[in-house]
Amino acid sequence: MKPDLLIRGRLSTLRAASIGLMLALLAGARLSAADVPPPFVPGFERLARHDEVAPDVAGNLLLAELSCTACHPASNPALRPKRGPRLDGAGNRLNAGWITDFLRAPHQLKPGTTMPDVLHRLTSVEKTAAVEALVAYLGSLEQPFPTFKGNGATPVPVAFWNLGRIEMGRGLYHRIGCVACHAADEDYETVETSPTPLDKILEELGKEELQEMGLAATARRVDSVPLGDLKSKYSPKSLTHFLLDPHRTRPAGRMPNFQLGVVEAADIAAWLLRDQQPRRDAENEVSATATGRPPSIVADEAANTLVEQGQTLFVKFGCSNCHDVARVPHGPRGKPLSELDLAAPVQCVGSAGPGLPRFVLDKTQREAIGAALQPSDGNGTPDESPPAARPADADADAAEQVELTLLRLNCLGCHERNALGGVGRYRRAYFETYANVDIGDEGRLPPPLTHVGRKLRTDWLARVLRGDGAVRPHMRIRMPVYPAEQVKHLPAHFEAADRAAPMRSDATMGTATADLIEAGRTLLDTGCVQCHPLRGNALPGVVGVDLAGIAARVHPEWFREFLLAPGQLKPRTRMPTFFPEGKSQNPRVLAGDAERQIAAMWHYLKQAEKHRLPAKIEAARSQSYELIPKERPILLRTFMEAAGTHAVAVGFPQQVHYAFDAEQVRLAIAWRGRFLDAEGTWFVRFAPPAQPLGVELMRFPPGMLLAMLVDSEASWPELDTQRASAHEAGYRYLGHRLDQQGVPSFHYRYAGYEVTDRILPDGKHLLRTLTIRRRLSDPPQPALWLRGHAGKTLEPDGPAAVIDDRGLRVSAGALGATGRLRRRAGGMEWIVPLEFAGQTSLDVELRYQW
């Protein structure tokens, strides 16, 4: 749509909204300040409000998170303002009606928002006009959505934002970490885990006893970050794109990047927008003036004038101080932070006067800001010097920088540091392992950050913050990525804050001789391999952090201290003590010298790639679990990313294999070469999804193979984003049977039909034979159709075949000649009518070539 037409279309919506806005204001619908919730800053609400951080730190947190320093310059770099989202592209990212309501009363539409009310001093008429102009301006800020490229193994479906599955999104939302900050669905069922000793204590003690034992914070319920009215704000497309790259519009990173795939983002968006009603574009209702000029010209002039007025107000009200828009200057600035006086009769946090934004802060928040503006000298007495005059080293103190950064980014929502934060008591159940095996909190909760600067090397910390340092594949929660600008100094600050004494270098571990390294290999066999993999190899059933590469991750001094006293460095750890009171329990190795034994393990692990695996792992490896089809097919029920939790993988001697998704009742993926490794399925109590060992992977289009359509123009039912599973679409999977050659046939029902689905190699490709039987004498209505293929682009390849842009060719024999190639939302599909011609069964052959 052209921009001028878009603006004209929105003008009628805005003017209609303005009438309702005027009536609401005249009716006195506005809440009083006493009824408006204060801004919600997670770190403040959880810790500062309960006096668990120093008052001046709490105040600095608010000054930064409320973006006070966007208008009031500060010398302290730790007080850089959070600022609001970038508004380039707001026109096609946000719904105009939501923008209207939010500008009119931000604290009512989104209780807890950190955005102030900048229009509070305007009269009803003035506010109506200002909101209309601002919304017109924001609506004119359009920007194309980014494009995403896929490949044969990880395709990007056409119009993927319309393919979200609510139930899949619900599961992701509750598993990958969203509920660490946001509220969980009360009806979502988690897997029951055994209570820890601490859980039992929290249940038994009263409030006063918890306070006396210092457990009040652990027992307290953690409030959730409000999501606001997402259904009114976003479309499925705009929310999906936001979830894929939140930092594109919110560079402050308060919403981190969970590195979602396009389908995952669409699924979560479908869950968040699950009750959203379809919207229709407003009609252009701008009428001609008395001059008799055409309506389009009148609308163009009105739109352009309104947009210009909106841009002027955007700068005048200081919106551009917090929100970036290309080529728009910053608005007026206030006094430097050091010159502010909270006792003044007119100010932003109290009785905001003309031209000032209005923050509705409560007493605790105002006191915290007051403490930050007049900090203590360390002895409890106020320091009269302004912040700008304080010593530079105080502002740059590493511990203070770490504390404030963790509070600002809400890292303490997941991680504990110095007895502060960590996963809330009532949120822990949502942190699961694959296969939901209970290995204790240490195996499913994010690790603590206490002494992390003493533990981890700065370069490894930087990798973790970049999203390139995952070492816990057994955990469902994901370590999100934050913008580099927000965390680039954090590794160095961690190290400076936590290193009480110089770390011991590798040289102090002694010389890495061949005998010492072999001793380290022997020592790992006596205990470490019982719980830890090494170089991706492990004993059956073992899961944990892989010890390979540990020398690149941790400091040798921490390694030594942890082995000597693991419980002191990490309370409640399951790591046993192999050196009680500093003495070795294995006198046969290196004469029982504990220091030399620790050095031996360090040097072995540092060079593990160059040396033999520990003997126990070598013995386990000699029993290979790779499945190699030789004379007959091999069938394995497993969990695969492409085929879900009910995958049936089938391998053939011809080295052409596939996986069938029994939950979605669909052929999911095929590949050539090696088949699968069964160790994870057979032995590992919880494991990441099984991955094909072969090459030339080809994922098949999602959706139902069969559907009943009233005619050739009817939409394919699987395109309904409300449908999360084939079962809900009317399919019933009945299982599979093996023939004498070991080839499985999958059996399922759909509507009035029973289907036998047999898939086997056809040279380097796959031949699929469907036998479809009518269960009733009269054919069900409407008619049955088969969707042979779907994709971004499809082209005919002969009279009975089509090929997609990835090179997947599908043919359907003589039946394919009746197929119809048609466009669908964002792509194309090839559908074939199934005519029974008076018979009760019909055979269909599909060949897949790639």
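Structure shown above.
Keep in mind that this is a model prediction, so the values were computed, not measured.

(A) Expanded view of the overall build of the protein chain. Along its length, the protein chain carries 31 helices and 21 strands. The proportion of buried residues among the 850 residues of the protein chain is 50%. Taking contacts inside the protein chain between residues at least 6 apart in sequence as the whole, the part at least 24 apart equals 66%. Taken as a whole, the protein chain presents about 40400 Å² of accessible surface, with 52% of it coming from carbon and sulfur.

(B) Focus on the nonpolar core. Membership of the largest hydrophobic core comes to 81 residues, with the highest contact counts inside it found for Phe44, Phe494, Leu524, Leu534, Phe559, Met601 and Leu605. Considering each element in turn, this core owes the most residues, eight residues, to helix H29 (residues 594–606). Among residues more than four places away in sequence, those in contact with leucine 524 are Val529, Leu534, Leu547, Met601, Tyr604, Leu605 and Pro614. Core analysis: the second largest hydrophobic core is formed by 60 residues, Leu138, Ile176, Leu260 and Phe314 among them.

(C) Layout of helix H3 (residues 55–65). Here H3 lies mainly inside the structure; nine of its 11 residues are buried. Every buried residue of H3 is accounted for by Val57, Ala58, Gly59, Asn60, Leu61, Leu62, Leu63, Ala64 and Glu65. Taken together, the buried residues of H3 touch helix H2 (42–46), helix H17 (363–373) and helix H19 (398–408).

(D) Fine view of the sheet that holds strand S13 (residues 753–762). Strand order in the open sheet formed by eight strands is S11-S12-S13-S14-S21-S18-S17-S16, with antiparallel pairing between adjacent strands. Each having just a single partner strand, strand S11 (731–738) and strand S16 (794–796) make up the two edges of the open sheet. Across this sheet, the average inter-strand angle for adjacent strands is 20°, counted without regard to direction. As defined by bridge partners, strand S14 (residues 765–774) adjoins strand S21 (residues 841–849) across eight bridges and the pair is classed as antiparallel. By the bridge assignment for S21, threonine 769 is matched with glutamate 845.

(E) Layout of the pattern of salt bridges. Throughout the structure, instances matching the rule amount to 38 salt bridges. In this structure, the salt-bridge partner of arginine 49 is glutamate 45, at a minimum N-O distance of 2.8 Å. Overall, the relative accessible area of 25% leaves arginine 49 in the partly exposed class. What makes glutamate 45 buried here is its relative accessible area of 12%. With a closest N to O distance of 2.7 Å, arginine 417 and aspartate 498 form a salt bridge. With arginine 417 in strand S1 (residues 416–417) and aspartate 498 in helix H24 (residues 490–498), the pair connects residues that are 81 residues apart, well separated along the chain. Where salt bridges share partners, they join Glu518, Arg521, Arg612 and Glu618 into one cluster.

(F) Just the pairing of strand S20 (residues 827–833), in detail. With seven of seven residues buried, S20 is to be regarded as a mostly interior element. Of the two faces of S20, the one holding Gly827, Glu829, Ile831 and Pro833 and the one holding Met828, Trp830 and Val832 are both buried throughout. Across six bridges, the pairing between strand S15 (residues 783–791) and S20 is antiparallel. Considered in S20, the bridge of arginine 787 is made with isoleucine 831. Bridge analysis of strand S19 (residues 820–824) against S20 gives five bridges, and the strand direction is antiparallel. Counted as the bridge partner of arginine 824 is glycine 827 from S20. Remark: two residues form the turn of the hairpin made by S19 and S20, two consecutive strands paired antiparallel; glycine 826 in that turn has positive phi of roughly 80°.

(G) Spatial organisation of the pairing of strand S17 (residues 801–804). Two elements, S16 and S17, share three bridges in a ladder whose sense is antiparallel. When the bridges of S17 are listed, leucine 794 appears paired with aspartate 804. Connecting S16 to the antiparallel partner S17 that follows it, the hairpin turn spans four residues, and glycine 798 within it adopts a positive phi of roughly 105°. Across three bridges, the pairing between S17 and strand S18 (residues 809–811) is antiparallel. By the bridge assignment, valine 802 is partnered in S18 with valine 810. Hairpin connection of S17 to S18: four residues between the antiparallel strands, including glycine 807 at a positive phi of 95°.

(H) How the structure looks around unusual backbone geometry. We note that arginine 83 has phi near 65°; this positive angle belongs to a residue other than glycine. Along the chain, arginine 83 falls in the loop between H3 and helix H4 (90–93).

(I) Structural context of the side chain of arginine 428. One can find arginine 428 in the loop between strand S2 (420–421) and helix H20 (441–444). A residue is classified by how much of its surface remains accessible, and arginine 428, at 18% relative accessible area, is buried. With residues up to four places along the chain from it excluded, the contact list for arginine 428 reads Val423, Asp441, Arg444 and Leu445.

(J) Expanded view of the state of the cysteines. The final tally for this structure, using the stated rule, is zero disulfides. Cysteine 414 supplies the cysteine sulfur nearest to cysteine 411, a cysteine that is in no disulfide, at a spacing of 8.8 Å. Cysteine 411 sits in the buried class, given a relative accessible area of 11%.

What counts and how
- Every chain's residues receive numbers from 1 upward, in the order its sequence appears when written.
- Reporting of local features is limited, given that this is a predicted model, to residues whose pLDDT is at least 70; pairs of side-chain atoms are given and counted only at 80 or more, and all residues count toward the totals for whole chains, interfaces and linings.
- Side-chain calculation: all heavy atoms of the structure are included, whereas hydrogens and water are not.
- Helix numbers and strand numbers start at the N terminus; a helix is a DSSP run of H or I with at least 4 residues, a strand a run of E with at least 2.
- The cut-offs for exposure are 20% and 50% of the maximum accessible area for each residue type, with area from a 1.4 Å probe on protein chains only; residues under the lower value are buried, those over the upper are exposed, and the others partly exposed.
- It only takes one pair of heavy atoms within 4.5 Å for two residues to be counted as in contact.
- Each accessible area is a Shrake-Rupley estimate made with a 1.4 Å probe; only the visible protein chains count as cover when residues are assessed.
- By convention a nonpolar core is built from buried Ala, Val, Leu, Ile, Met, Phe, Trp, Tyr and Cys residues, the set being connected through side-chain atoms within 4.5 Å.
- Strand pairing is assigned whenever DSSP identifies at least 2 bridges connecting the two strands.
- In this description, a line fitted to the C-alpha atoms serves as the axis of each element, helices being fitted only across the stretch in contact, and the angle between N-to-C directions of two axes falls anywhere from 0 to 180 degrees.
- In the sections that follow, a salt bridge refers to a side-chain nitrogen of Lys or Arg positioned within 4 Å of a carboxyl oxygen of Asp or Glu.
- Working definition: a disulfide is two cysteine sulfur atoms within 2.5 Å of each other.

Remember, this is a structural readout, not a statement about activity or role.
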